[in-house]
Amino acid sequence: MSCSLFEFCRLQELKTVRDFLFQNQSKESVEEKNITAENELSWDTSDWESGWDNDENKEEDSASSTKAEEEPSGQSQPWLQDCVVSLSPCADLLVVAREQKAAFLSAKWRTDDSGREEMTLAVTWSGHLSTEEGERVSSVIAIPLASQKRSSTGRPDWTCIVVGFTSGYVRFYTESGVLLLAQLLHVDPVLRLKCRTYEIPRHPGVTEQHEELSILYPAALVTIDGFSLFQSLRACRNQVARAAAAGSDVVPPPPLAYKKWGLQEMDTIVDHSSVGVMTLCVFDQMKNASILGGFHASVKGSPPAMSQFVTVGTGPYAGFYYAVEGNSQPLLSHVALAVASKLTSALFNAASGWLGWNKNKNEEEAAQKQKPKVEPATPLGIRFGLPDSRRHGESICLSPCNTLAGVTDDFGRVTLLDLARGAAIRMWKGYRDAQLGWLQVQEERGDREFSPSASLPRRHALFLIIYAPRRGILEVWAMQRGPRVGAFTVGKHCRLLYAGYHLMGVNSVTSQGWQLHTQQVCLLDPTTGAPRTINIPFHLALSDKKNERARDMHLLKRLSAVLKSRDMDPVSLEREAKSVLLEIKHPAIKKQALESLLSNRNAPVSCLTNVTSALHDALKQQDADEVEASLLQLCSSQLKLLQLYSDIQQLQSAADTEACSGNQDSLEGIEEELSRVGPALQRYAQLSSKPSVSFAQDSPDTPLSAQAFLTQLECAEDGEVKVNRRSDAEWNQLGNFMFWGCLCGKSPTHKVCDTLQLAGISPQQLLSLLMSVWLQREKEVLQKPVETVRNLHTLLIALSNMDGAVEESWDTQSVSPWWQQVRFTCIQSHNAAAALLAALVAHRAAKASITSRADSKLQSEWEAVSLELEQWVVCVRQLEDVLVLQTLLLVPSPQGTAGGAVVQCSIKTLQEGGTGGIADSVSKWVFRQNMAPERLKKILLRKETQDTGDQKEQKEDREEAEKCQEEADRTAELLLAVCQRFPDSLSPDLLFAHCCWEYVVQWNKDPEVHRYTDCSDFTLVPLGNTSFIFETYTFIKVTQNDLYSSND
């Protein structure tokens, strides 16, 4: 993995900014060209001018004038190099200034054509900044100020623009161009403005640096404390806002407190860096004392704290200054000299006034009184320097760790300085007019996991960025003696913007929990208008084995970022994933990368297959000793599963052209059974097909993704494929993917079964998947029962014929484990209709299998009698009873009646419920139906006398049916059918007892409802049950009422 450049925003109205800043120059350039053209053609041309055609002259004149107009307008030449540019560290404000004009571009968000939001920098203010005559902008920086609110997360409150002028003034502006503060700190032009903000110390013992704004003049250096500047700027901004709201004038703020140092013993200074406060060790303190004071110099007990300044220029090439903290007052000789000069000037002015010499100097004195007073600078001698008489320093760039600095000179060299030792440790040549920047990269958390020092703080890597405009190249070098780790071909008119600071107003308390969103280095190309930042992996700063492992981890992170991207097409995704997997060296990381690719839902099956196949082929080509067996096994197993997934997916789209004539003969008995249970199935389907709310992702028709397929199947070393059952939803989804197409008749059944058998999946797991999808899709099965039953029969026969399904040694007189699995599934199922159909099909298939085995063994006309078939007969009978009971329980209750959810019953639940389980379920249904005791008695009496054929009772039933509704009669018939199927469990006495008990229980929950007590008047309840009910509920209620009345 290498370095990369990426755009983080776009610049709007860049041409408008250029035209605004170079408006006067473009007009002057056109006039100068016209004047020079007239002067060159001012000689006498009367002799040969007449020979030329006038029309051609007009065309040439128009063409020359058009060319002259196009040249200034198309100033795509290095116009940005002539401007003063500053980008906020938060990348939300860009300042472009030239001479007296400036333009501020602030961040805005907009939506592009594809619907994505992107950040743009648009012009929010443009105008003139100069107020003094003849002054020009010489330096600009944009300082973001931190918010003081507790809810802040690291974003700036606002951004202050600090502008230095050639007149010596330093002015502070808001983002909207409002002047906050202006102060004349020195009478010379401002050369460079630089800022230093708070940085959290990474190691104990490192001196905590304070915030500071430094201003460089040709022979002086002014430093302003960051805390006082932050408070002053906030106060000025609040005052300006209040004055604007009230419509009053702004009160001039007090001047800033600052320190001014007069830098001596250096011929020319063009740039500087304020390193910060440092404390020398004892050895360096004694060395400096010996050099400065000689042999008899005294050494203090504690080393003094000093502020270090490094300047570049000429004589010497680089100078190192040290200012002791607390020693910023002027020396005594300078104070005396200043007092003497003021006294002399005062006596001379008085004498000249007496003699009349100052008549013409009144105007000069008035002009001098208007200028603010400028304090003298404290002399600061150079400690040492790097002498080189022929070399002229041009710029210096301080590293984020304050230990290194890069210096450019007029020889086209870039020198790396060690500020602690004051020595040049490295030099690059061939970089004329170079621009420098630094980038500090933090170690990733994933890289730290493989390090033995994982508990220690994360490491930082430092890189030097060099932009050579004449070569149009951007290079990245590892520090201190590392190689070049990246190079980019860029334009020749770009600007490398490096702030070197973060938010002002941050300290060790307010910065806790913040995440500073800052850009360290930015490359601004005026031709494209797109600022780009550099992404450097941490592993490029490492070497050998550590670098290789860190590089693999970075490749893994790159693959994760690619997989998360939804805009990448499948071809690009496959190409990128293949290159990353082949570049990773460590087998463990390669395995992790492959697993992350296989678990990604955005990757198509073809991409997964091609990438896994490429990795498998690459591993096969390596030596057997170098390849890890687990990784090779993973590739082969995943390839096998992906091929199985693709084969099943292709078979689902193929039409089922298999002949079904053989199935028709075997389904004759099943069709008779279907016609017998058809009315019950139809009634059950009508009652169970109620509208319900479900989510789209929970629909059984949702296609199974390849990633979900791979997670549920596991391939062993011997080639056997095992299905892992995690949840019922995933299990049913896998069954739908394999068998629902066969059940619907859309997929060739035998081809699907052959494919699954060749894959190595056990028949028992396939049978479990088939039964789960059959029971789950009960509603779809009941829509076309004949077709789905025929397809289920074909599937059961195909699965039974697989190796390992039905044992060859199975005795027909014993129970088969294969058919016992089907029977056990039907017994446990709450889907009564689907379970009954499955039992009918399994009974027919088991009978055919037993008959064939008996014919092959006995070779006689005797009919085979088996315990297996007898159990199937019992199971089918029980499922028919459960179907009728479940149909009764699904009858909806009248609106407004109380009751719980519908009871789901199965053979297993009924057997576990005991003798009273069925009566309890029916009694709850009677309560939900709000059925009166008289009507229940009539229904049960009709059950007893329906064989006598009493004409009078039939006549009464007809009258009741006309009054109530036809649905009530059908419900009564259904209740009679249930009572006939469960004569012992639903005897009248037992049913009346359970109904009375249910009503009393409901009355105990809500005694205010009198309907419960009226309906509990069942005269046929046995006396023992009545006394038990009274002792349990009624007696307690009566005693409680008596207790309440006695208390009253």
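Reading the values: rules and limits
- Residues numbered from 1 in each chain as written.
- Predicted model: local features only at pLDDT ≥ 70, side-chain atom pairs only at ≥ 80, totals over all residues.
- Heavy atoms only, no water.
- Helix = DSSP H or I, 4+ residues; strand = E, 2+ residues; numbered from the N terminus.
- Buried < 20%, exposed > 50% of the residue type's maximum accessible area, 1.4 Å probe, protein only.
- Contact = heavy atoms within 4.5 Å.
- Patch = residues over 30% accessible without salt bridge, like charges linked within 9 Å, V, L, I, M, F, W, Y side chains within 5 Å.
- Areas by Shrake-Rupley, 256 points an atom, 1.4 Å probe, with all protein chains shown as cover.
- Salt bridge = Lys/Arg side-chain N within 4 Å of Asp/Glu carboxyl O.
- Lys, Arg positive; Asp, Glu negative; His and termini not counted.
- Polar contact = N/O pair within 3.5 Å; in protein donor to acceptor, adjacent residues only side chain to side chain.
- 1 Å grid on protein atoms, 1.4 Å probe; cavity = no way out; pocket = protein on both sides within 12 Å on 5 of 7 lines; lining within 4 Å.
- Points joined across faces, edges and corners; volume = space filled by probe spheres on them.
- Nonpolar A, V, L, I, M, F, W, Y, C, P; charged D, E, K, R; others polar.
- Axes fitted to C-alpha atoms, helices over the stretch in contact; angles between N-to-C directions.
- Parallel < 35°, antiparallel > 145°, perpendicular 65-115°, else oblique.
- Left-handed = near helix turned anticlockwise from the far one by under 90°.
- Pairing = 2+ DSSP bridges.

Caption draft 1: The arrangement of the overall build of the protein in detail. Check the secondary structure of the protein and you find 33 helices and 32 strands. Relative to its 1048 residues, the protein shows a buried fraction of 44%. Across the protein, the fraction of contacts at a sequence separation of at least 24, relative to all contacts at a separation of at least 6, is 69%.

Caption draft 2: Representation of a nonpolar patch on the surface in the model. The grouping of Val282, Met286 and Val299 at the surface amounts to a nonpolar patch, some 260 Å² of accessible area in total. By the element assignment, valine 299 lies in the loop between helix H6 (282-293) and strand E16 (305-314). For valine 299, a relative accessible area of 42% corresponds to the partly exposed category.

Caption draft 3: Summary view of the side chain of arginine 426. Mapped onto the elements, arginine 426 comes out in strand E23 (residues 423-429). Despite being buried, arginine 426 has no salt bridge partner; glutamate 475 is the closest side chain of opposite charge, sitting 9.2 Å away. A distance of 3.0 Å separates the side chain of arginine 426 from the backbone oxygen of glutamine 480, its partner in a polar contact. Apart from the residues within four sequence positions on either side, arginine 426 is in contact with Val414, Thr415, Leu416, Trp477, Ala478, Gln480, Arg481 and Gly482.

Caption draft 4: Region of the structure containing empty space enclosed by the protein. With the rule as written, the count across this model stands at two cavities of 30 Å³ or more. Volume-wise, the largest cavity comes out at about 50 Å³. The wall of the largest cavity is formed by Leu87, Ser88, Pro89, Leu497, Tyr498, Ala499, Gln519, Gln520, Val521 and Cys522. Elements represented by at least two residues in the lining of the largest cavity include exactly strand E28 (495-498) and strand E29 (521-525). Here the lining of the largest cavity is built from residues that sort into seven nonpolar, three polar and no charged.

Caption draft 5: Broad picture of the environment of leucine 644. Counting through the fold element by element, leucine 644 comes out in helix H14 (residues 629-652). Along the backbone, leucine 644 and phenylalanine 709 are 65 residues apart, and their C-alpha atoms lie at a distance of 9.8 Å. Leaving out residues up to four positions away in the same chain, leucine 644 has contacts with Phe709, Leu713, Thr755, Leu756, Ala759 and Ile761.

Caption draft 6: Expanded view of the packing of helix H25 (residues 867-889) against helix H27 (residues 916-928). For the pair H25 and H27, interaxial distance at closest approach is 10 Å and the crossing angle is 25°. Between H25 and H27, the interaxial angle falls into the category roughly parallel. For the crossing formed where H25 meets H27, the hand is left-handed. When H25 is examined against H27, the residues Leu885, Leu888 and Leu889 are found in contact with a partner set consisting of Ile918, Ser921, Val922, Trp925 and Arg928. Each residue belonging to the contact of H25 with H27 can be placed in one class, and the counts come to six nonpolar, one polar and one charged.

Caption draft 7: How the structure looks around the environment of proline 156. Take proline 156: it is sitting in strand E8 (residues 156-165). Residues proline 156 and histidine 502, spaced 346 residues apart in sequence, show a C-alpha to C-alpha distance of 9.8 Å. Leaving out residues up to four positions away in the same chain, proline 156 has contacts with Cys90, Asp92, Pro144, Leu145 and Leu503.

Caption draft 8: Up close: the pairing of E16. Counting buried positions over the ten residues of E16 gives nine, a clear majority of the element. Bridge analysis of strand E15 (residues 268-279) against E16 gives ten bridges, and the strand direction is antiparallel. Bridge pairing in E16 links histidine 272 to threonine 311. Pairing analysis gives seven bridges linking E16 to strand E17 (residues 318-324), with the strands arranged antiparallel. Each residue of the ladder has a partner; that of valine 310, found in E17, is phenylalanine 320. The loop that links E16 with its antiparallel partner E17 comprises three residues; one of these, glycine 315, has a positive phi angle of about 55°.

Caption draft 9: Looking closely at the sheet that holds strand E2 (residues 10-11). The five strands are arranged E2-E6-E5-E4-E3 in an open sheet whose pairing can be described as mixed. This sheet does not close on itself; its edge strands, each paired only once, are E2 and strand E3 (84-87). For E2 and strand E6 (residues 117-128), the ladder comprises two bridges, and the chain directions are parallel. Its bridge partner being in E6, leucine 11 is matched across the sheet by leucine 121. Where helix H1 (residues 14-21) meets the sheet, it contacts E2, strand E4 (93-98), strand E5 (101-111) and E6, and its direction lies at approximately 170° from that of E5.

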